[in-house]
Amino acid sequence: MRCPYCDTEDTRVVDSRPAEDGRAIRRRRECSECGQRFTTFERSAVVVSVLKRDETSQPYDREKVRRGLESALADRHGAAASVDAIVADIDQWARTGSGVVSSEEIGRKILDALRQVDEVAYLRFASVYKGFQGASDFEREVAALEREQ
Ligand SMILES: [Zn+2]
């Protein structure tokens, strides 16, 4: 592995121990060129499948989750900073299950997260996810939001 400081290829492992409750290995490496130390984590590359509504499946793609969040949060400056945290959260959730999640569950996770950070973004995402047909669908959803507060 290359040194992140000076980019030389010559680094060596000086310490190696289990991390994250045995699900990862944490290594300390030292660069023989510049002497800097850095940490790497080794994790198993779990493949998570996403079951879609039409019953086909495809590999889980965190970038899709990110794009969904980003388009819902477009122009919502205050809340846009939470995208990384929400993606990491959903990622973690997807990887700790049985290896299969449904696109519906992912959608619900995104909705739950958006409801916490930004109501406008929540309604934007809900309109796509729940297939709003008209103004009355929005009104119903806004009324539901208000009841919760
Ligand atoms: Zn170096």
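Below or above, wherever it landed, is the structure these notes cover. These numbers were taken from a predicted model, which means no experiment stands behind them.

Basis of the calculations
Chains are numbered independently. Their residues run from 1 in the order of the written sequence. At least 70 in pLDDT is required for a residue's local features to be given in this predicted model, at least 80 for side-chain atom pairs to be given and counted, and no such filter applies to totals for whole chains, interfaces and linings, which use all residues. To get the side-chain values, all heavy atoms of the structure are used, and hydrogens and water are removed first. Note that water is not among the atoms considered, so a metal site may appear incomplete; the donors listed are N, O and S atoms within 2.8 Å of the metal, with 3.2 Å applied to Na, K and Ca. Under this scheme a four-donor centre is tetrahedral when all angles range from 85 to 135 degrees, a four-donor centre is square planar and a six-donor centre octahedral when opposite donors are above 155 degrees with the rest from 65 to 115, and any other centre is irregular. Think of it in three bands: residues with accessible area under 20% of the maximum for their type are buried, residues over 50% are exposed, and the middle band is partly exposed, with areas taken using a 1.4 Å probe on protein chains only. One bridge is not enough; two strands pair if DSSP finds at least two bridges between them. Helix and strand assignments come from DSSP, with helices taken as H or I runs of at least 4 residues and strands as E runs of at least 2, each series counted from the N terminus. For helices, the axis comes from a line fit to the C-alpha atoms of the stretch in contact; other axes are also lines fit to C-alpha atoms, and the angle between any two N-to-C directions lies between 0 and 180 degrees. Note on contacts: a residue pair qualifies if any of its non-hydrogen atoms lie within 4.5 Å across the two residues.

This part takes up the coordination of the zinc ion. Looking at the zinc ion, one finds its protein donor set to be C3 (SG), C6 (SG), C31 (SG) and C34 (SG), positioned 2.3 to 2.4 Å from the metal centre. Around the zinc ion sit four donor atoms, and with donor-metal-donor angles ranging over 106 to 115° the site reads as tetrahedral. Along the chain, the residues that donate to the zinc ion are spaced as C-x2-C-x24-C-x2-C.

Even without being a glycine, D7 presents a positive backbone phi close to 70°. Of the residues examined, D7 reaches a relative accessible area of 45% and is grouped as partly exposed.

Spatially, three strands are ordered β5-β4-β6 in an open sheet, and the strand pairing comes out mixed. Each edge of the open sheet carries a strand with a single partner, namely β5 (57–59) and β6 (100–102). Neighbour-to-neighbour, the strand axes of this sheet turn through a mean angle of 30°, independent of strand direction. With three bridges connecting them, strand β4 (residues 49–51) and β5 associate as antiparallel partners. Following the sheet pairing, V50 is matched in β5 by Q58. The sheet contacts of helix α4 (residues 103–117) involve β4 and β6, and relative to β6 the element is tilted by about 65°.

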